[in-house]
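Here are the chains, one letter per residue:
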Amino acid sequence: MLIIYPPLSKGCEPPAALPYLSAALTAHGHSCTICDMNIECLQHILHSTEGATDTWSSRAFKHLDNNLATLQDLDNYHNFDRYGRAVADINRVLEIAGMRLNLQLSLANYQDNEKSPLNSSDLRQAAKDFHANIFFPYFSEKLEELLQQEHHNHIGFSLSYLSQALCAFAMIGYLRVHHPDITIILGGGLVTTWLSKPGWHTPFADLVHHFVAGQGEKPLLRLLGTEQKMDHLRPSYAALRDNPYLAPGFILPYATSTGCFWKKCNFCPETSENNPYRQVPPTTTAADLMSLTKATKPILIHLLDNAISPSTLRALSEQPPGAPWYGFVRIDAHLADREFCRRLRASGCVMLKLGLESGDQKVLNSMNKGTDLRQASKVLENLHEAGIATYVYLLFGTPSETRKEAERTRSFVEKHHQAISFLNLAIFNLPISSDEIASLQVTDFYTGDLSMYRNFNHPLGWDRAEVRRYLHTTFKRSAKIAEILRKDPPIFTSNHAPFMK
Ligand code: SF4
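Residues numbered from 1 in each chain as written. Predicted model: local features only at pLDDT ≥ 70, side-chain atom pairs only at ≥ 80, totals over all residues. Heavy atoms only, no water.

Engineer: Lay out the layout of surface pockets with the relevant residues and their values.
Structural biologist: In this approach a probe as big as a water molecule rolls over the atoms, and the regions it shows empty are the leftover space. Here the second largest pocket is characterised by a volume of approximately 530 Å³. The wall of the second largest pocket is formed by 25 residues, among which Ala497, Pro498, Phe499, Met500 and Lys501 lie closest to the centre. Along the lines of polarity and charge, the residues of the lining of the second largest pocket split into 17 nonpolar, five polar and three charged. In terms of domain composition, the lining of the second largest pocket takes at least three residues from each of domain 1 (2–223) and domain 2 (251–499). (1 Å grid on protein atoms, 1.4 Å probe; cavity = no way out; pocket = protein on both sides within 12 Å on 5 of 7 lines; lining within 4 Å. Points joined across faces, edges and corners; volume = space filled by probe spheres on them. Nonpolar A, V, L, I, M, F, W, Y, C, P; charged D, E, K, R; others polar. Domains from an automatic or database assignment.)

Engineer: Lay out the sheet that holds strand 6 (residues 183–187) in plain terms, naming residues and giving numbers.
Structural biologist: Taken in spatial order, the five strands of this open sheet run 2-1-5-6-7, and their pairing is parallel. In this open sheet, the two edge strands, each paired with only one partner strand, are strand 2 (33–36) and strand 7 (210–211). Lying on the sheet, helix 8 (residues 162–178) is in contact with strand 1 (2–5), strand 5 (154–158) and strand 6; it crosses strand 5 at an angle near 170°. (Pairing = 2+ DSSP bridges. Helix = DSSP H or I, 4+ residues; strand = E, 2+ residues; numbered from the N terminus. Contact = heavy atoms within 4.5 Å. Axes fitted to C-alpha atoms, helices over the stretch in contact; angles between N-to-C directions.)

Engineer: Can you break down the packing of helix 7 (residues 136–149) against helix 8 residue by residue, with the values?
Structural biologist: Closest axis-to-axis distance for the helix 7/helix 8 pair is 11 Å, and the angle between their directions is 50°. Classified by the angle their axes make, helix 7 and helix 8 are oblique. Considering the relative orientation of helix 7 and helix 8, their crossing is right-handed. Of the residues in helix 8, those in contact with Phe136, Phe139, Ser140, Leu143, Glu144 and Leu147 of helix 7 are Ala170, Met171, Tyr174 and Leu175. (Parallel < 35°, antiparallel > 145°, perpendicular 65-115°, else oblique. Left-handed = near helix turned anticlockwise from the far one by under 90°.)

Engineer: Which residues make up helix 3 (residues 55–62), and what are the values?
Structural biologist: Think of an α-helix as turning once every 3.6 residues; residues three or four places apart then point the same way. The complete set of buried residues in helix 3 reads Ser57, Ala60 and Phe61. Taken down its axis, helix 3 places every buried residue within 95° of arc, on the same side. Every exposed residue of helix 3 that faces more than 90 degrees away from the buried side is listed here: Thr55 and Lys62. Looking at the packing, one finds that the buried side of helix 3 touches helix 4 (64–71) and helix 5 (80–99). Among the residues of helix 3, the N-terminal cap falls to Asp54, whose side-chain oxygen and the backbone nitrogen of Trp56 are separated by 3.1 Å. (Buried < 20%, exposed > 50% of the residue type's maximum accessible area, 1.4 Å probe, protein only. Arc of directions from axis to C-beta. Polar contact = N/O pair within 3.5 Å; in protein donor to acceptor, adjacent residues only side chain to side chain.)

Engineer: Just give me the short version of the domain arrangement of the protein chain, but keep the residues and values in it.
Structural biologist: Domain boundaries in the protein chain define domain 1 (2–223) and domain 2 (251–499). Inter-centroid distance (C-alpha atoms) of domain 1 to domain 2 is 26 Å. Summed over both partners, the interface of domain 1 with domain 2 comes to about 2,800 Å²; 65% of that surface belongs to carbon and sulfur atoms. When the buried area of domain 1 at its contact with domain 2 is split by residue, Glu13, Leu118 and Lys197 rank highest and sum to 22% of it. For the pair domain 1 and domain 2, the number of links is zero salt bridges. (Buried area = accessible area lost by both parts, 1.4 Å probe. Salt bridge = Lys/Arg side-chain N within 4 Å of Asp/Glu carboxyl O.)

Engineer: Tell me about the nonpolar core, and name the residues and values.
Structural biologist: Grouped together as the largest cluster of nonpolar side chains are 94 residues, with contacts concentrated most on Phe135, Phe169 and Trp194. Each of domain 1 (2–223) and domain 2 (251–499) gives at least three residues to this core. Ignoring sequence-local partners within four residues, the contact set of Trp194 consists of Leu123, Leu159, Phe169, Leu186, Trp200, Phe204 and Leu450. In this structure, Leu292, Leu313, Leu394 and Trp462 belong to the second largest nonpolar core, which totals 51 residues. (Core = buried A, V, L, I, M, F, W, Y, C linked by side-chain atoms within 4.5 Å.)

Engineer: If you had to explain the pairing of strand 5 to someone new, which residues and values would you point to?
Structural biologist: Regular strands show a simple pattern: their side chains alternate between the two faces of the sheet. For strand 5, the tally of buried residues reaches five of five residues, placing the bulk of the element in the interior. In the sheet, strand 1 pairs with strand 5 via three bridges, with the strands oriented parallel. In the strand pairing of strand 5, Ile4 is matched with Phe157. Taken together, the five bridges between strand 5 and strand 6 define a ladder with parallel strand orientation. Its bridge partner being in strand 6, Gly156 is matched across the sheet by Ile185. Crossover handedness for the path strand 5 to helix 8 to strand 6: right-handed. (Right-handed = clockwise from strand over helix to strand, strands pointing away.)

Engineer: Report on the pattern of salt bridges, specifying residues and quantitative values.
Structural biologist: Counted under the stated rule, the structure contains 20 salt bridges. With its nearest N and O atoms 3.2 Å apart, the salt bridge here joins Asp54 to Arg92. Residue Asp54 is located in the loop between helix 2 (37–48) and helix 3, and its partner Arg92 is located in helix 5; the two are separated by 38 residues in the primary sequence. With a closest N to O distance of 3.4 Å, Arg338 and Glu385 form a salt bridge. Taken together, the positions of Arg338 in helix 14 (residues 338–346) and Glu385 in helix 16 (residues 373–386) put the pair 47 residues apart, joining distant regions of the chain.

Engineer: Go over the packing of helix 12 (residues 282–296) against helix 13 (residues 310–318), please, and point to the residues and values.
Structural biologist: Between helix 12 and helix 13, the shortest axis-to-axis distance is 9 Å and the interhelical angle comes to 45°. Regarding the angle of helix 12 to helix 13, the classification is oblique. Along this stretch, helix 12 crosses helix 13, giving a crossing that reads as right-handed. In contact with Pro282, Thr285, Ala286 and Leu289 of helix 12, helix 13 contributes Ser311, Thr312, Ala315 and Leu316.

Written out as structure tokens, the structure reads:
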């Protein structure tokens, strides 16, 4: 089987699903090739685009190799101006390449001005017009090369983000025309969301033979006629380790769990999709990470969990993985323990991502967040004191929020500005399968049958336009908040934040 990660997403680390799938298939006696087509296509387009139109673009083309090298050297992450210039200039080359085909192309996004990934008819059109895809010259040649090296009866695509969908379908379209006997399988986070939509019927029956929701190991093995015997297998990064990722070293992605052990926040797809929670036993995680660290020598470990469990954090603090690490955690009692935070730092924890969402207790309660603001203050203080950076996520425009509550969030952030290293500001989207839909007046949000969110009339009048205005004219204008926002790595945000000082 051949498994492909299609463009386009941030090319700073290997796609996590492929090393897991390849380990499972191989351990059960099947041959498996994995290909990160994302980083390969990105590098190809960067190096094959020519023709500057203005001074900035000329500089971007001229210094492309230097700029790519800048992102691969850790020292440059401590010089924010140099880092920012390199990112902006690399991005400029992609922008120019995209413009020629009416695309908005960037290091993190693929947006077609004529086709939407939220529309199944547009995805079908992308499959039909595969030769018009910007990456066609590269992916067609690469697919042929891979198929010549080994005959694959099955090709799987791992689709995590919307920004990958049009390119994935272009590749599928190519394969259906040139290799009609190959079985096409589509899985990944985005596909899991599609399949969780009430009344889902595939509009792609003639293009895709099998869809996989959630973890792919068991369904893929079944497709190959094998029952899964080994539950947890250590992922294998050998095939991806030496790809030219846009990072100052190899970043090792690892999931200590899938799903969420809390699964109660009513704005979250984990809750509405009711995804099962599975945790790798903490001792296994600790042993895996120690072994993988020895084998791959990562500069950073990225723990991919929606929320790393307290028991796993404890295991890591007792058995440090041997490389710096970061990930998402819930604001909980264990982090209110100052000693525990110090032990985490000693184990290599350099940054924790925290879904604070709001600085108003009533809003937190109404979203079932299970966070106590007094505890959140203590946690921020402890992490700051321990030397662990924090990436704090805020959510505005939830059904129980008004400007008054948003102002409380502003006060909370200002009060804790020294303990908040980075901030992510988002405006609430209502997941299509959320239970809250029953109590809200909803309308269609995006035009497209694959839309994952619904628009709603805010019950207290705090609608998206108002929220956006508030963020621009008030929240981001706060001097203390502006200072935090300025430190956010452009485009790569939390993926590169652990490297910043
Ligand atoms: S803790 Fe995070 S992942 Fe879990 S339900 Fe809440 S928002 Fe979702």
